[in-house]
Amino acid sequence: MTPESAVRRQRGFTLLEITIVVGILSIFAVMVVPPIVNALALVNRESAILRMDRDGHQALNLISSHLRPSVLPIVTRPEDDLTLPATVKSWATDNGAISFQDVLNSEAGFEPNGQEWLDVLQHGTDFLPFTQPVPFLYTANEATLDARREKTSLSTLDSNELLQLGLRDFTTRRADGQMGAISNAGTYTVENETLADGTVVPRRYLRANNQFQPIHPYLQNLTPQSLSLDPACLPDAIDLNASRFAADLTLPANANTAYGIIRFVPFRDAANPNGRILDEATLGPTKADGSGPTGLDIDGNGSATDTFALGRLEIVYLNRQRDEALTTVVSRTAAGSTVLLRLNTVSTPTNPVPTPPGGGNIAAGGGAGGDDPEPYPAIFRLRTPRETDDNRIPSYAIDIDLLLMDDLRQQRSVLSFNKIVPFIVRRYQTTVELRNLTRF
């Protein structure tokens with residue numbers, strides 16, 4: 001190696017060589033990086049959708065399993081067809097024939113507040129109390145008919161074939177180790193009956209001293225008004241300061257045991273003590289004149305003026321036989337992904353169609369393209385049976401409407417969505433027929 005070549009090697013790369021290498025790397029980056037970034041974004045988006053589908057379907061299945069056998073605190077008959085007090089009195093004194101629906105629509109059932117709850121549920125609500133038929137304990141000290149019955153009856157009917165109402169608390173184990181501790185609501189009288197072979201069998205009746213006892217004294221005392229639910233109508237906007245949205249649910253006295261509640265709970269933190277709110281008007285790309293965002297219709301109803309509360313859906317178990325104080329609430333998350341509750345009950349279309357001369361709408365149905373607002377998308381809405389149905393007993397049903405949002409992106413940045421990284425909102429709906437609620 002000559003001295004000249006050694007000096008040349010020590011000088012390193014020339015500027016031209018570096019420029020060429022940088023240029024080649026830049027071209028390579030432009031060709032390779034965007035596809036990789038897009039592929040990762042697509043994978044993340046598909047993963048979020050799969051996770052939301054899992055959460056949405058699990059939530060619907062869990063809620064449906066609770067509601068399908070349940071009884072709601074409503075009357076199921078018109079006001080002029082409710083069971084008269086004299087009829088209940090006659091049954092209590094003479095042991096006359098009476099059905100579960102007769103009791104349900106009487107002063108011993110849900111007549112005191114049943115019409116108010118019926119109106120609330122028909123308007124649509126985010127708060128749903130329910131009770132269920134449960135097996136009963138035969139005596140106060142849990143005496144049994146035989147060892148196989150494990151301290152309870154195998155039936156949810158009392159000795160007059162009336163359903164006993166209460167709650168199966170799936171956060172607690174029974175004495176036999178199975179999940180779903182039983183809590184009954186009614187006050188039953190035990191009367192022993194001697195069979196022909198001399199066996200003494202306890203019978204349970206929801207009547208004592210010629211009086212018919214309330215079928216569910218705890219849920220019977222729960223009023224919609226105590227939870228800021230108006231039976232007359234939906235308010236213009238849902239108030240997150242209402243007691244039903246509290247992190248720790250507190251119910252009125254004598255109305256807090258032996259039933260369940262499914263409710264929406266807003267997300268709150270130090271920066272958002274009144275709840276985290278998502279406003280469609282503040283989303284979307286910036287307008288051409290720079291005056292602000294264009295708005296973004298996240299739920300696809302044709303309006304970009306809606307506001308939503310971010311939260312979760314939980315099932316509350318109020319078990320009167322749990323050892324803790326009666327005010328203790330045990331809850332179970334029903335929807336893992338972020339649930340959206342629309343706060344405004346009336347939605348204004350972004351591009352309304354003008355009403356033609358003579359009245360009527362050019363585009364019927366409202367929402368996108370129409371000037372009639374779409375029905376409020378309540379989480380729960382009661383569907384009443386048709387007046388006539390020759391094929392089956394008309395039963396009541398609950399429509400469930402869950403609007404879920406990508407929870408991982410929400411945790412990263414609650415209110416800073418943009419057009420480059422769109423957030424994901426998906427709707428999950430089902431209808432649950434209530435087996436024990438009919439008109440007859």
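Note that this is a predicted model, so its numbers are computed, not measured.

Details of a negative patch on the surface
At step 1: Taken together, the side chains of Glu79, Asp80, Asp81, Glu107 and Glu111 present a region of like negative charge at the surface.
At step 2: On the secondary structure map, Asp81 appears in the loop between α2 (15-67) and α3 (85-94).
At step 3: Exposure remark for Asp81: the relative accessible area of 41% places this residue in the partly exposed category.

Thoughts on empty space enclosed by the protein
At step 1: What the rule picks out here adds up to three cavities of 30 Å³ or more.
At step 2: In terms of lining, the largest cavity is formed by 17 residues, of which the most central are Gly124, Leu229, Leu234, Pro235 and Arg244.

Here we look at a nonpolar patch on the surface
At step 1: Taken together, the side chains of Leu16, Ile20 and Ile24 define a hydrophobic patch exposed on the protein surface, amounting to about 320 Å² of accessible area.
At step 2: Position of Ile20 among the secondary structure elements: in helix α2.

Some remarks on the pairing of strand β14 (residues 395-405)
At step 1: β14 sits mainly inside the fold: eleven of its eleven residues count as buried.
At step 2: Covered by surrounding structure in β14 are Ser395, Ala397, Asp399, Asp401, Leu403 and Met405 together with Tyr396, Ile398, Ile400, Leu402 and Leu404, the residues of both alternating faces.
At step 3: Pairing of strand β13 (residues 380-383) with β14 involves four bridges; the strand directions are antiparallel. Residue Phe380 lies in a different strand from β14, and its bridge partner there is Ile400.

Structural notes on the packing of aromatic side chains
At step 1: For the coordinates displayed, the defined rule picks out one aromatic pair.
At step 2: Pairing Phe245 with Phe264 gives two aromatic rings, centres 6.4 Å apart and planes at 85°, and the pair type is edge-to-face. Placement of Phe245 in the loop between α6 (217-220) and β9 (259-266) and of Phe264 in strand β9 is noted, with a sequence separation of 19 residues between them.
At step 3: Among the residues examined, Phe245 registers a relative accessible area of 0% and is labelled buried.
At step 4: Look at Phe264 and you get buried, because its relative accessible area is 0%.

Some words on unusual backbone geometry
At step 1: You will see that Ser228, though not glycine, has its phi angle at about 65°, which is positive.
At step 2: Ser228 gets classed as partly exposed once you look at its relative accessible area, which sits at 49%.
At step 3: At Ala258, a position not held by glycine, the phi torsion is positive, near 65°.
At step 4: Note that Ala258 resides in the loop between α6 and β9.
At step 5: Residue classification places Ala258 among the buried positions, given a relative accessible area of 0%.

Comments concerning the pattern of salt bridges
At step 1: Inspection of the entire model under this criterion finds nine salt bridges.
At step 2: In this structure, Arg426 engages Asp53 in a salt bridge whose closest nitrogen and oxygen atoms are separated by 3.0 Å. With a gap of 373 residues between them, Arg426 in strand β15 (residues 425-438) and Asp53 in helix α2 connect regions that are remote in the sequence.
At step 3: For Arg426, a relative accessible area of 30% translates into the label partly exposed.
At step 4: When the shortest N-O distance is used, the salt bridge between Asp55 and Arg54 registers 3.0 Å.
At step 5: In this structure Asp55 comes out as buried when scored by relative accessible area, which is 8%.
At step 6: Given a relative accessible area of 44%, Arg54 falls into the partly exposed group.
At step 7: Residues participating in the shared-partner salt-bridge network are Arg263, Arg312 and Glu314.

Looking at helix α5 (residues 111-123)
Because each turn of an α-helix spans 3.6 residues, side chains separated by three or four positions end up pointing in the same direction.
At step 1: Under the 1.5 Å per step criterion, the end-to-end length of α5 is 19 Å for 13 residues, consistent within 8% with the ideal 18 Å.
At step 2: Of the residues making up α5, those classed as buried are Asn113, Gly114, Trp117, Leu118, Val120 and Leu121.
At step 3: Those residues of α5 hidden inside the fold are in contact with β1 (127-130), α6 and β13.
At step 4: Gly124 occupies a position one or two residues after α5 and carries a positive phi of about 115°.

Calculation notes
- Residues numbered from 1 in each chain as written.
- Predicted model: local features only at pLDDT ≥ 70, side-chain atom pairs only at ≥ 80, totals over all residues.
- Heavy atoms only, no water.
- Patch = residues over 30% accessible without salt bridge, like charges linked within 9 Å, V, L, I, M, F, W, Y side chains within 5 Å.
- Areas by Shrake-Rupley, 256 points an atom, 1.4 Å probe, with all protein chains shown as cover.
- Salt bridge = Lys/Arg side-chain N within 4 Å of Asp/Glu carboxyl O.
- Lys, Arg positive; Asp, Glu negative; His and termini not counted.
- Charge placed at Lys NZ, Arg CZ, Asp CG, Glu CD.
- Helix = DSSP H or I, 4+ residues; strand = E, 2+ residues; numbered from the N terminus.
- Buried < 20%, exposed > 50% of the residue type's maximum accessible area, 1.4 Å probe, protein only.
- 1 Å grid on protein atoms, 1.4 Å probe; cavity = no way out; pocket = protein on both sides within 12 Å on 5 of 7 lines; lining within 4 Å.
- Points joined across faces, edges and corners; volume = space filled by probe spheres on them.
- Pairing = 2+ DSSP bridges.
- Phe/Tyr/Trp six-rings, centres within 6.5 Å; stacked < 30°, edge-to-face > 60°.
- Expected span 1.5 Å × (residues − 1).
- Contact = heavy atoms within 4.5 Å.

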